[in-house]
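Take a look at the letters that make up each chain.
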Amino acid sequence: MSTPVRGKRLTVPAIQARKGGTPLVCLTAYTTPMARALDPHVDILLVGDSLGMVLYGFDSTLPVTLDMMINHGAAVVRGSETACVLVDLPFGSYQESPEQAFRSAARVMAETGASGVKLEGGEEMAATIRFLIQRGIPVCGHVGLMPQAVHVAGGFRAAGRSEEEAAHVAADARAVAEAGAFAIVLEGTLEPVAAAISTDLPVPTIGIGASPSCDGQILVSEDVLGLFSDFTPRFVRRYAELGGMIGDAAAAYASDVQARRFPGPEHCFRPARAKASN
Ligand code: KIV
């Protein structure tokens, strides 16, 4: 018997079943209005800890807290109907032990209504991933370039450049899949390495800078929309320049206010006309 599902949200098993099928379309979202705009077009909305850099202006994802992720996760669930919503576990909220990871992930699931969590790490996180899944928490893995390990890697460097590194990323991906992850984000990974991993794994790979051979693609929405330009990785394709449009709109508003063209009569509240008495 299949599990009864409330509503029409794409489920974790449905995502997993897309292995080798139509590529999964995934974008990040951090807020209700962005979730509303993206929801009809994507399979997965990821509340990524990239919000630390994109929304809060930090220079890495390390300062992001579990409470921040929960607040943004709940906002994205409220703004979406059909996408599968996943929430990143932030740095320091899961690496210590499987029990710590469970407490953090359980809060995310209970307080946001998301369908699963994503966490960074390979072989060293396999036991934690298994622990979460055995306790009812779907986990999406994340290997290759792992932004939470930026200081160990010495920067945001593509993964799999040497034979040794390639074997390491492949072993990470395999360990995470064997632990039960329903999908794996492959970030900043050389094309042949990503292709070999995607062929090898029984679960979907979701690429970001990891070539079209992955089973799906994800990008940070603000990169796609031209709303974040502190830096633009080479794997981003911009589909709009909304940052420029916002600047133009703000300039037009400023000029209208200064010239008293705004507000107009249609924006003003007026006293009701007194009834004629006879
Ligand atoms: O934090 C994030 O937005 C991510 C994606 C870039 C995959 O992990």
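Before reading further, recall that the structure is shown in the block above.
Presented here is a report on the structure given in the accompanying data block.

Under the criterion given, the structure shown has two aromatic pairs. Seen in terms of ring centroids, Tyr56 and Phe58 are 6.0 Å apart; in terms of plane orientation they differ by 10°. Their pairing is stacked. Its relative accessible area of 31% is what places Phe58 among the partly exposed residues. Seen from the ring of Phe131, Arg135 lies directly overhead, with NZ or CZ sitting 3.5 Å from the centre.

Near the ligand the following residues occur: Thr28, Leu46, Gly48, Asp49, Ser50, Asp88, Lys118, His142, Val185, Ile208, Ile218 and Val220. For the ligand, an oxygen atom lies 2.5 Å from a polar atom in the side chain of Ser50. One of the side-chain nitrogen or oxygen atoms of Asp88 is found 3.1 Å away from an oxygen atom of the ligand. Here the ligand loses 95% of its free accessible area of 260 Å² to cover by the protein chains. Split by residue class, the shell around the ligand holds five nonpolar, four polar and three charged.

What follows covers the sheet that holds strand 8 (residues 216-219). The eight strands lie next to each other as 1-2-3-4-5-6-7-8, forming a closed barrel whose pairing is parallel. Each adjacent strand pair in this sheet contributes to an overall mean axis angle of 25°, direction not counted. Alignment of strand 7 (residues 205-208) against strand 8, held across two bridges, turns out to be parallel. Looking at strand 8, one finds that Ile206 is bridged to Gly216.

This part is about the pairing of strand 1 (residues 24-28). Among the five residues of strand 1, four are classified as buried, and the element is accordingly described as predominantly covered. With four bridges joining them, strand 1 and strand 8 adopt parallel strand pairing. Each bridged residue has a counterpart across the sheet, and for Leu27 the counterpart in strand 8 is Leu219. The pairing of strand 1 with strand 2 (residues 44-47) spans three bridges and is classified as parallel. Looking at the pairing, Thr28 lines up with Leu46 of strand 2. Read as a crossover between parallel neighbours, the route from strand 1 over helix 2 (residues 32-38) to strand 2 is right-handed.

Okay, the pattern of salt bridges next. Overall, the coordinates contain 11 salt bridges when judged by the stated rule. For Glu81, the salt bridge goes to Lys8, with nearest N and O atoms at 2.9 Å. You can see Glu81 sitting in the loop between helix 4 (66-78) and strand 3 (84-88) and its partner Lys8 sitting in the segment before helix 1 (12-16), a full 73 residues away along the chain. For Glu81, a relative accessible area of 52% translates into the label exposed. Salt-bridge contacts for Arg107 lead to Glu111; the nearest nitrogen and oxygen are separated by 2.8 Å.

So, about a nonpolar patch on the surface. A cluster of nonpolar residues, Leu55, Tyr56 and Phe58, forms a patch on the protein surface that exposes about 260 Å² of accessible area. Looking at the element boundaries, Tyr56 is found in the loop between helix 3 (51-54) and helix 4. Residue Tyr56 is classed as partly exposed on the basis of its relative accessible area of 40%.

Thresholds, definitions, all that
- Throughout this description, residue numbers start from 1 for each chain and increase along the sequence as written.
- Owing to the predicted nature of the model, reporting of local features is limited to residues with pLDDT of at least 70; listing and counting of side-chain atom pairs is limited to 80 or more, with chain, interface and lining totals taken over all residues.
- In computing side-chain values, all of the structure's heavy atoms are included and hydrogens and water are not.
- Any pair of Phe, Tyr and Trp rings, taking the six-membered ring for Trp, is counted once the centres come within 6.5 Å. Such a pair is stacked with planes under 30 degrees apart, edge-to-face with planes over 60 apart, and tilted for the rest.
- Relative accessibility decides the category of a residue: with a 1.4 Å probe and only protein chains considered, values under 20% of the type maximum give buried, values over 50% give exposed, and everything between is partly exposed.
- Any Lys NZ or Arg CZ that is within 6 Å of a ring centre and within 35 degrees of that ring's normal is treated as a charge sitting over the ring.
- Being near a molecule or strand, for a residue, means having at least one of its heavy atoms within 4 Å of it.
- What qualifies as a polar contact is a pair of N or O atoms within 3.5 Å, subject to a donor-acceptor requirement within protein and to the restriction that residues adjacent in sequence count only when both atoms come from side chains.
- Note on areas: Shrake-Rupley with a 1.4 Å probe; residue coverage comes only from the protein chains shown.
- All residues other than Ala, Val, Leu, Ile, Met, Phe, Trp, Tyr, Cys, Pro, Asp, Glu, Lys and Arg, Gly among them, are scored as polar; the first ten of these are nonpolar and the last four charged.
- Two strands qualify as a pair provided DSSP detects at least 2 bridges between them.
- Numbering of helices and strands runs from the N terminus; a helix is a DSSP stretch of H or I covering at least four residues, while a strand is a stretch of E covering at least two.
- Helix axes use the C-alpha atoms of the stretch in contact, all axes being lines fitted to C-alpha atoms, and the angles between their N-to-C directions lie in the range 0 to 180 degrees.
- If you view a crossover with the strands going away from you and the path from the first strand over the helix to the second runs clockwise, you call it right-handed.
- Note on definitions: salt bridges are taken to be side-chain nitrogens of Lys or Arg within 4 Å of carboxyl oxygens of Asp or Glu.
- Residues enter patches when their relative accessible area tops 30% and they take part in no salt bridge; the joining distance is 9 Å for like charges and 5 Å for the nonpolar side chains Val, Leu, Ile, Met, Phe, Trp and Tyr.

Keep in mind these values describe shape, not function.
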